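Summary of the model geometry
Okay, here's what each chain looks like letter by letter:
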Amino acid sequence: MYTKFSVGLATALAFALPVSAETLRLSHNVGDTTTWQQGAEKFGELLAAETDGAYDVRVFPNAQLAGGDQMKQAEMTGRGAIDVVLTSAINVTPLAPEMAAFSLPYLYADYAAVDRTTAGKAGDKMEEIMAGHGIHILAWGENGFREVTNSKRPIKTPADMEGLKMRVAGPMYIDVMNDLGANPQQMQWSETFPALQQGVVDGQENPIGAVIIPQRVYEVQTYITPWHYSYDPLFLGISKERWDAMDDATKAQFQTAADEAMAYQIDISRKATDEGLAFLKEQGMEVTELTPEELQAFKDATKPSFDTWSEKVGADIVQLFTDEANAA
Ligand code: X2X
């Protein structure tokens, strides 16, 4: 039996989405309160608008599509098991160690230096390398400068890191923490909050606007030092096989949606970071600001990891990054 209501609803749906709307599954590896999620949703909205609803992006947070393994998402995208991925460079270093270039300790002085590399030859080179792993990078977004938090004590000098049990995301940060005398342990982001809460680890490091605030890290951590030791970009990538099969008009629609969505994601992440320390103080965190001399001590202490990872990344690529980072 057809009621007026069901006919009306079916008509409304038919206008909203063409019958042929293709679903794209987008994976990212933090929670749904973050700027990652907002950027991913924005991409979906813009792509639907650009294509008159031909594509329906479904966003899956917390690396659900990869069984919770944040490092696996890229490889799955490369073989077409995930359609679209939004993740940070550090998570693809098992697949493409060159991507660690972005995050070399103290590579970047500021956002302007970051933006020169993502928009320049260094970014192009990384896009070429990822294409070799089956991922077409549509646009760069931002996780951000990674800042250290812990529950034990203020961090003012490298010596203050001694013996702290630190959760880290990837292999390069294990080496950096070892340089500082800390006790690092690799762990999924989705398991980190309870680990901090239960004291399995004392501290962690993540960007303020994109992760620390929206994931409420301040509820389980007392001290934060903005030491800007490593920058972490995001990229919005699509399975290359899928990309190569598209016509030029569709590619242009994807490009527009991706560029706008990631520009938005960078903007809201930077704003949240700018306003973030004041908010964290209100939440009861103790903020330790460092002088340029104090920062230099961390830079000096982490030089061994900079050198080890420069070798893994390759001298030519490191040169591309340092040239653009220091071009001002
Ligand atoms: O796991 C982390 O620390 C995070 C969320 O920043 C990354 O994805 C690298």
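For the structure itself, consult the block above.
Okay, so let's go over this structure. Keep in mind that this is a model prediction, so the values were computed, not measured.

**Regarding the side chain of Arg-146**
Positionally, Arg-146 belongs in strand β4 (residues 135–150). At a separation of 3.4 Å, a polar atom in the side chain of Arg-146 contacts the side chain of Asn-206. Once residues within four sequence positions are removed from consideration, Arg-146 is found in contact with Arg-167, Ala-169, Tyr-173, Glu-205, Asn-206, Pro-207, Trp-227, His-228, Tyr-229, Ser-230 and Asp-232.

**Comments concerning the environment of Asp-300**
In this fold, Asp-300 is placed in helix α12 (residues 292–301). Counting along the chain gives 121 residues from Asp-300 to Asp-179, while the straight-line C-alpha distance between them is 9.9 Å.

**A short note on empty space enclosed by the protein**
In total, this model carries one cavity of 30 Å³ or more according to the counting rule given. Taken as a whole, the largest cavity spans an internal volume of roughly 90 Å³. Looking at side-chain class alone, the lining of the largest cavity contains six nonpolar, six polar and three charged residues.

**A look at the nonpolar core**
Among the nonpolar cores identified, the biggest contains 50 residues, and Met-99, Tyr-108, Met-161, Trp-227, Phe-235 and Phe-321 are the most heavily contacted of them. The set of elements that each furnish at least two residues to this core consists of α4 (111–119), α5 (121–131), β4, β5 (165–168), α6 (171–179), β8 (223–239), α13 (303–313) and α14 (315–325). No other element matches the five residues that β4 contributes to this core. Among the nonpolar cores identified, the runner-up in size contains 41 residues, and Trp-189, Val-220, Leu-234 and Val-287 belong to it.

**Examining the pairing of strand β2 (residues 55–60)**
The sheet contact formed by strand β1 (residues 22–28) and β2 spans six bridges and is parallel. Bridged to Glu-22 within β2 is Tyr-55. Following the backbone out of β1, through helix α2 (residues 35–50) and into the adjacent parallel β2, one traces a crossover that is right-handed.

**Describing the packing of aromatic side chains**
For the coordinates displayed, the defined rule picks out twelve aromatic pairs. Between the aromatic rings of Phe-102 and Phe-321, the centroid separation amounts to 4.9 Å while the plane-to-plane angle is 85°, which identifies the pairing as edge-to-face. In this pair, Phe-102 sits in the loop between β3 (84–88) and α4 while Phe-321 sits in helix α14, placing the two residues 219 residues apart along the sequence. Each member of the pair, Phe-102 as well as Phe-321, carries the same accessibility label: buried. Ring geometry for Tyr-218 and Phe-279: centres 5.4 Å apart, planes at 85°, overall edge-to-face. Taken as a pair, Tyr-218 in the loop between α8 (208–212) and β8 and Phe-279 in helix α11 (residues 276–282) lie far apart in primary sequence, 61 residues in all. Since its relative accessible area comes to 10%, Tyr-218 is described here as buried. Take Phe-279: its relative accessible area is 28%, and that puts it in the partly exposed class.

Cut-offs applied
Residues numbered from 1 in each chain as written. Predicted model: local features only at pLDDT ≥ 70, side-chain atom pairs only at ≥ 80, totals over all residues. Heavy atoms only, no water. Helix = DSSP H or I, 4+ residues; strand = E, 2+ residues; numbered from the N terminus. Polar contact = N/O pair within 3.5 Å; in protein donor to acceptor, adjacent residues only side chain to side chain. Contact = heavy atoms within 4.5 Å. 1 Å grid on protein atoms, 1.4 Å probe; cavity = no way out; pocket = protein on both sides within 12 Å on 5 of 7 lines; lining within 4 Å. Points joined across faces, edges and corners; volume = space filled by probe spheres on them. Nonpolar A, V, L, I, M, F, W, Y, C, P; charged D, E, K, R; others polar. Core = buried A, V, L, I, M, F, W, Y, C linked by side-chain atoms within 4.5 Å. Buried < 20%, exposed > 50% of the residue type's maximum accessible area, 1.4 Å probe, protein only. Pairing = 2+ DSSP bridges. Right-handed = clockwise from strand over helix to strand, strands pointing away. Phe/Tyr/Trp six-rings, centres within 6.5 Å; stacked < 30°, edge-to-face > 60°.

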